[in-house]
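# Coordinate inspection notes
The residues making up each chain are set out below.
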Amino acid sequence: PQVLAHRAREIRAAAGQEERHRLARDLHDSVKQQIFAIQTSAATAQARFASDPSGASGAIEQVRESAREAMAEMEAMLDQLRAAPLENVGLVEALKKQCEALRFRTGVEVRVTVGELPPSHSLPPGTQDVIFRVAQEALANIGRHARPSIVTVTLDSTEHSLQLRVEDDGVGFDATRSGGGMGLENMRSRAAAIGGTIAV
């Protein structure tokens, strides 16, 4: 039992470290870029304020748009840090925010479809959190690698299962050679913890 407890602590510590790395990457890939865009547009507005009012106005509008995008990104990241377990309603809202953040960051069209979900109490503990983290990993990979025009996220259930499907029309990758790359092993281990599986 002591060995198992030690191993469980190691797994939790590794998972926590992975989440911190993910947040750092996301801050660099998204919010930092938006702040840079705000700084650049503000400098443009300042330079054109007297000589080119129309150009200054356009730059100010870009500042506002970049600020909205940064706010959406930050809201999604703050949701990732929530301490309370997700329930079905919270899961759906968190997924939508992640999709909105991806749309802001990349300009890709993101479609979200949610079907009938089983009652929270009928699911293994932590199921919603696992679903969210797997979706988060998949969307992050899409944003970094896939270069798609359309992303579809579907959350639905059958008589015996809860299913999350994330699809995109991007460049793709060879799933048979990916091994643990692109976070797939992380997704599989999360799913296995609640008796689930990942299919690519």
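A few points on the structure. (Residues numbered from 1 in each chain as written. Predicted model: local features only at pLDDT ≥ 70, side-chain atom pairs only at ≥ 80, totals over all residues. Heavy atoms only, no water.)

Once that is clear, we can look at the overall build of the protein. From N to C terminus, the protein includes 5 helices and 3 strands. The N-to-C order of helical and strand elements in the protein reads α-α-α-β-α-β-β-α. With 200 residues in all, the protein has 31% of them scored as buried. Pairs at least 24 apart in sequence give 68% of the contacts found in the protein among residues at least 6 apart. When the accessible surface of the protein is totalled, it reaches about 12,100 Å², and 56% of it is carbon and sulfur. (Helix = DSSP H or I, 4+ residues; strand = E, 2+ residues; numbered from the N terminus. Buried < 20%, exposed > 50% of the residue type's maximum accessible area, 1.4 Å probe, protein only. Contact = heavy atoms within 4.5 Å. Areas by Shrake-Rupley, 256 points an atom, 1.4 Å probe, with all protein chains shown as cover.)

A word on the packing of aromatic side chains. For the coordinates displayed, the defined rule picks out 0 aromatic pairs. It is Arg103 that lies over the ring of Phe104; its NZ or CZ is 4.8 Å from the centre. (Phe/Tyr/Trp six-rings, centres within 6.5 Å; stacked < 30°, edge-to-face > 60°. Lys NZ or Arg CZ within 6 Å of the ring centre and 35° of its normal.)

On to the pairing of strand β3 (residues 162-168). Strand direction decides the pairing type here: strand β2 (residues 150-157) and β3, joined by 7 bridges, are antiparallel. Bridged to Val151 within β3 is Asp168. The hairpin turn running from β2 into β3, its antiparallel successor, is 4 residues long. (Pairing = 2+ DSSP bridges.)

This paragraph deals with the nonpolar core. If you look at the biggest cluster of nonpolar residues, it comprises 10 residues: Leu86, Leu91, Val92, Ala94, Leu95, Leu117, Ile131, Phe132, Ala135 and Leu155. Of all the secondary structure elements, the ones that give two or more residues to this core are α3 (88-106) and α4 (127-146). By residue number, the principal contributor to this core is α3, which donates 4 residues. Beyond its immediate chain neighbours, meaning those up to four positions away, Ile131 contacts Leu91, Leu155, Leu162 and Leu164. By size, the runner-up hydrophobic cluster in this structure holds 9 residues, among which are Cys99, Ile142, Ala146 and Val153. (Core = buried A, V, L, I, M, F, W, Y, C linked by side-chain atoms within 4.5 Å.)

Attention now moves to the pattern of salt bridges. Side chains carrying opposite charge are able to pair once their charged atoms draw close together. Following the criterion strictly, the structure yields 6 salt bridges and no others. With a closest N to O distance of 3.1 Å, Glu185 and Arg188 form a salt bridge. Highlighted residues: Glu185 and Arg188, both in helix α5 (residues 184-193), separated by 3 residues, approximately one helical turn. Classification of Arg188 by relative accessible area gives partly exposed; the value is 29%. Connected through salt bridges with shared partners, the residues Glu61, Arg64, Glu65 and Arg68 form a single ionic network. (Salt bridge = Lys/Arg side-chain N within 4 Å of Asp/Glu carboxyl O.)

Before going further, it helps to spend a moment on unusual backbone geometry. Phi at Arg147 is positive, roughly 50°, even though this residue is not glycine. With respect to the secondary-structure elements, Arg147 resides in the loop between α4 and β2.

We now examine the sheet that holds β3. Ordered in space as β1-β2-β3, the 3 strands form an open sheet in which the pairing is mixed. Here the strands that pair on one side only, and so sit at the sheet edges, are β1 (109-114) and β3. Between one strand axis and the next, the sheet turns by 10° as a mean value, whatever way the strands run. Where β1 meets β2, 6 bridges bridge the pair, whose relative direction is parallel. Considered in β2, the bridge of Val112 is made with Val153. (Axes fitted to C-alpha atoms, helices over the stretch in contact; angles between N-to-C directions.)

Let us now look at the packing of α4 against α5. Look at α4 against α5: their axes get within 9 Å of each other, and the N-to-C directions meet at 170°. In this view, α4 runs roughly antiparallel relative to α5, as classed from their interaxial angle. When you trace α4 past α5, the crossing you get is left-handed. Residues Val130, Arg133, Val134, Glu137, Ala138 and Asn141 of α4 lie in contact with α5, whose contacting residues are Asn186, Met187, Arg190 and Ala191. Residues that form the contact of α4 with α5 fall into these classes: 5 nonpolar, 2 polar and 3 charged. (Parallel < 35°, antiparallel > 145°, perpendicular 65-115°, else oblique. Left-handed = near helix turned anticlockwise from the far one by under 90°. Nonpolar A, V, L, I, M, F, W, Y, C, P; charged D, E, K, R; others polar.)

These figures come from the coordinates and say nothing about function on their own.
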